[in-house]
Amino acid sequence: MSSGFSNKNLYLILGVQPSADKETIKAAFRTLAKKYHPDTNKGNKASERKFKEIAEAYEILSDDKKRKDYDKLNGYNQPKPKPETKTKYSQTEKAKEAYSKQAKTQTQTKTAKTEKPQEKKQAPPQPPPQKKKDEKPFSETLSKFMSDMFTSKSETPQKPIKGSDINVDITITIMEAKNGTVRAVNVLHTECCPVCKGKKFVNGAKCKKCNGEGELSSHKSMRVKIPADIKNGEKVMLKGEGNIGQFGGANGDLYLKINIEKSEMFRFEDLNVLSDVPITPSEAALGTNILVPSIDGHINMKIPPETSSGQKFRLHEQGISDKDGNKKGDHIITVYIKMPKNLTEREKELYKELSQMRDYNPRREL
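Remember, it's a predicted structure, so these values are computed and weren't measured experimentally. (Residues numbered from 1 in each chain as written. Predicted model: local features only at pLDDT ≥ 70, side-chain atom pairs only at ≥ 80, totals over all residues. Heavy atoms only, no water.)

### Examining the overall build of the protein
Filter applied, for reference: Each helix corresponds to a stretch of at least 4 residues labelled H or I by DSSP, and each strand to a stretch of at least 2 residues labelled E; elements are numbered beginning at the N terminus. Between buried and exposed lies partly exposed: a residue is buried under 20% and exposed over 50% of the maximum accessible area for its type, with that area taken using a 1.4 Å probe on protein chains only. Pairs of residues are marked as contacts when any of their non-hydrogen atoms sit within 4.5 Å. To measure how exposed things are, a 1.4 Å probe is used in the Shrake-Rupley method; for residues, cover is taken only from the protein chains shown.
Summing up its helical and strand segments, the protein has 10 helices and 13 strands in all. Counting the 366 residues in the protein, one finds 30% classified as buried. For the protein, the share of sequence-separated contacts (at least 6 apart) that also reach a separation of at least 24 residues comes to 61%. Put simply, the protein shows about 26400 Å² of open surface, and 50% of that area lies on carbon and sulfur atoms.

Now the structure itself:
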């Protein structure tokens, strides 16, 4: 026992009376240790000093010999042990009682003559020595208390626990979704600290391995293959690439959620690809062949004569395939007539002649 603590009121430090029993002292220490633990008072030097003070006070008062020496030095009376019932006897008391009876019998028995005067008298049986209770070091006791305070009673660390899954969003272009691609993905993995087992402390002090966080994080870069004809919102699973399992449990999985970036040219409807293509008034009237963009490049498409604005054309199996590759969607193109800007005087005259050649009003049926 340090001389510094012999002059301090250890009972006052733990907030108990000098007559308090061990259970009361233990309960007081548990409450104060949780309140002033450095992990719950980060950066508070006063709390760290208080925590050290109550820990050292408990080290003395929880040890019978140290407490007896402290009480004798400071004039405190030890709490009286609880009286035992008459119906229960310890093994030591039974041995003492047997010894007493045997010694009394030998005293009352007198032998007039002895055949062997030189023979030594048999020594009376000695009572078995009383076994001392096993006492654990204070550091081990403190560590157990800290573990009990921050660990759930229902926790079963021996049982394998599977690592949690990781979900990551990834954005790709329409062409990448159609043809497939390979993307570099940076994933943040988190695992339980192997030293403190997630409890954030070791022997009452903040775990140095995880800096009191209870877990360790690391980045892992990997190249991931995105399959062709993937849909917006679909997920790609990489088995075992999630967070690390605990106590021999399997690793979690990595899920990549695919987001196809929006395009002004293409839209999607199930397996079909939709797009709008402009044509000139003369192309709509006379018909022609035009190149239209698709997700596989440009395709030659025929515009028939007298095509109306808003008319739809279906390009068979030019869309997206399903997961099994058994079915493929179409590319549906909607054409609309777009007038040129800055018409010349001659163009205006020709349009005027055309309007006079036929009496046509497209709004007549409205």
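Picking up where we left off.
### Examining helix α4 (residues 45-61)
Our working rule: Between the first and last residue of a helix there are one fewer steps than residues, each counted as 1.5 Å, and that sum is the expected span.
In this model α4 runs 25 Å from its N-terminal to its C-terminal C-alpha over 17 residues, within 8% of the 24 Å that 1.5 Å per residue would give. Considered for burial, the residues of α4 that qualify are S47, F51, I54, A55, A57, Y58, I60 and L61.

### A closer look at the pattern of salt bridges
When the charged atoms of two side chains with opposite charge come close together, those side chains can pair. For clarity, the threshold we go by: When a carboxyl oxygen of Asp or Glu lies within 4 Å of a side-chain nitrogen of Lys or Arg, that pair is called a salt bridge.
Across all of its chains, the model carries 17 salt bridges by this definition. When the shortest N-O distance is used, the salt bridge between E53 and K8 registers 3.5 Å. Note that E53 is positioned in helix α4 and K8 in the loop between α1 (3-6) and α2 (10-14), a separation of 45 residues in sequence. Ionic pairing is found between D69 and K65, a salt bridge with its closest N-O pair at 3.4 Å. Placement of both D69 and K65 in helix α5 (residues 64-74) is noted, with a separation of four residues, approximately one turn of the helix. Residue K65 is classed as exposed on the basis of its relative accessible area of 59%. If you follow the salt bridges from partner to partner, you end up with K8, K50 and E53 in one network.

### Observations concerning the packing of aromatic side chains
Test applied: Only Phe, Tyr and Trp rings are paired, with Trp represented by its six-membered ring, and only when their centres lie within 6.5 Å; those with planes under 30 degrees apart are stacked, over 60 edge-to-face, the remainder tilted. Cation placement over rings: the criterion is NZ of Lys or CZ of Arg within 6 Å of the ring centroid and within 35° of the ring normal.
Within this structure, the stated rule accounts for two aromatic pairs. Ring geometry for Y11 and Y70: centres 6.1 Å apart, planes at 55 degrees, overall tilted. With Y11 in helix α2 and Y70 in helix α5, the pair connects residues that are 59 residues apart, well separated along the chain. The same class applies to Y11 as to Y70, namely buried. Centroid distance F29 to Y58: 4.3 Å. Interplanar angle 10 degrees. Geometry classified as stacked. Separated by 29 residues along the polypeptide, F29 in helix α3 (residues 22-36) and Y58 in helix α4 bring together distant segments of the chain. Take F29: its relative accessible area is 1%, and that puts it in the buried class. When the ring centre of Y36 is taken as origin, the NZ or CZ atom of K50, which lies over that ring, is 5.9 Å away.

### Let's talk about the nonpolar core
Stated precisely, the cut-off is as follows: Here the nonpolar core consists of buried residues drawn from Ala, Val, Leu, Ile, Met, Phe, Trp, Tyr and Cys, with membership extended through side-chain atoms lying within 4.5 Å.
In this structure, L254, L256 and I258 are the most contacted members of the largest nonpolar core, which totals 22 residues. When contributions to this core are tallied by element, the ones reaching two or more residues are β1 (166-172), α8 (174-179), β2 (181-192), β5 (215-226), β6 (235-238) and β7 (254-260). What I258 contacts, discounting residues up to four positions off in sequence, is I170, I172, I226, I230, K231, N232, G233, E234 and V236. Counting residues in each nonpolar core, the second largest holds 19 residues, with F29, A57, Y58 and I60 among its members.

### Considering the side chain of K178
Along the polypeptide, K178 turns up in helix α8. Filtering out sequence-adjacent residues up to four positions away, K178 remains in contact with A228, D229, I295, D296, G319, I320 and K328.

### Overview of the packing of α3 against α4
Note the following rule: Here an axis means a line fitted to C-alpha atoms, over the contact stretch when the element is a helix, while the angle between two N-to-C directions is reported on a 0 to 180 degree scale. Our angle categories are set so that under 35 degrees counts as roughly parallel, over 145 as roughly antiparallel, 65 to 115 as roughly perpendicular, and the remainder as oblique. Two helices cross in a left-handed way if the nearer one is turned anticlockwise from the farther one by less than a right angle. They cross in a right-handed way if the turn is clockwise. Only Asp, Glu, Lys and Arg are considered charged, only Ala, Val, Leu, Ile, Met, Phe, Trp, Tyr, Cys and Pro nonpolar, and every remaining residue, Gly among them, polar.
At their nearest, the axes of α3 and α4 sit 9 Å apart, and the two run at 165 degrees to each other. Between α3 and α4, the interaxial angle falls into the category roughly antiparallel. Judged by the sense of rotation from one axis to the other, the crossing of α3 with α4 is left-handed. Together, I25, K26, F29, L32, A33 and Y36 of α3 and S47, K50, F51, I54, A55, Y58 and L61 of α4 make up the contact between the two elements. A class-by-class count of the residues in the contact of α3 with α4 yields 10 nonpolar, one polar and two charged.

### Observations concerning the environment of S217
Using the following cut-off: Polar contact is the term for a pair of N or O atoms within 3.5 Å; when the atoms are in protein, one must be able to donate a hydrogen and the other to accept it, and sequence-neighboring residues count only if both atoms are side-chain atoms.
Structurally, S217 can be placed in strand β5. Linking S217 and E191, residues 26 residues apart in sequence, is a C-alpha distance of 6.5 Å. Other than its neighbours up to four places away in sequence, S217 contacts L188, H189 and T190. Engagement of the side chain of S217 in a polar contact is seen with the side chain of T190, the distance being 3.5 Å.

### Some remarks on the confidence of the model for the protein
To keep things clear, this is the line we draw: Confidence scores here are pLDDT values: one per residue, from the predictor, ranging 0 to 100.
Within the protein, residue pLDDT values average 80, and 76% of them lie at 70 or more. Residue range residues 109-117 is modelled with pLDDT below 50. Its contacts to residues more than four positions away, or to other chains, number zero contacts. Note that pLDDT drops below 50 for residues 150-156; the model gives that stretch six contacts with residues more than four away or on any other chain.

### Here we look at the pairing of β7
Residues in a regular strand project their side chains so that they alternate between the two faces of the sheet. Applicable threshold: The pairing criterion is simple: DSSP has to find at least two bridges between the two strands.
With burial as the criterion, only one face of β7 is covered, namely that bearing L254, L256, I258 and I260; the residues Y255, K257 and N259 on the opposite face remain uncovered. Here seven bridges tie β1 to β7, and the two strands are oriented parallel to one another. Bridge pairing in β7 places N167 opposite Y255. Pairing of β6 with β7, which is carried by four bridges, proceeds in the antiparallel orientation. When the bridges of β7 are listed, L238 appears paired with L254.

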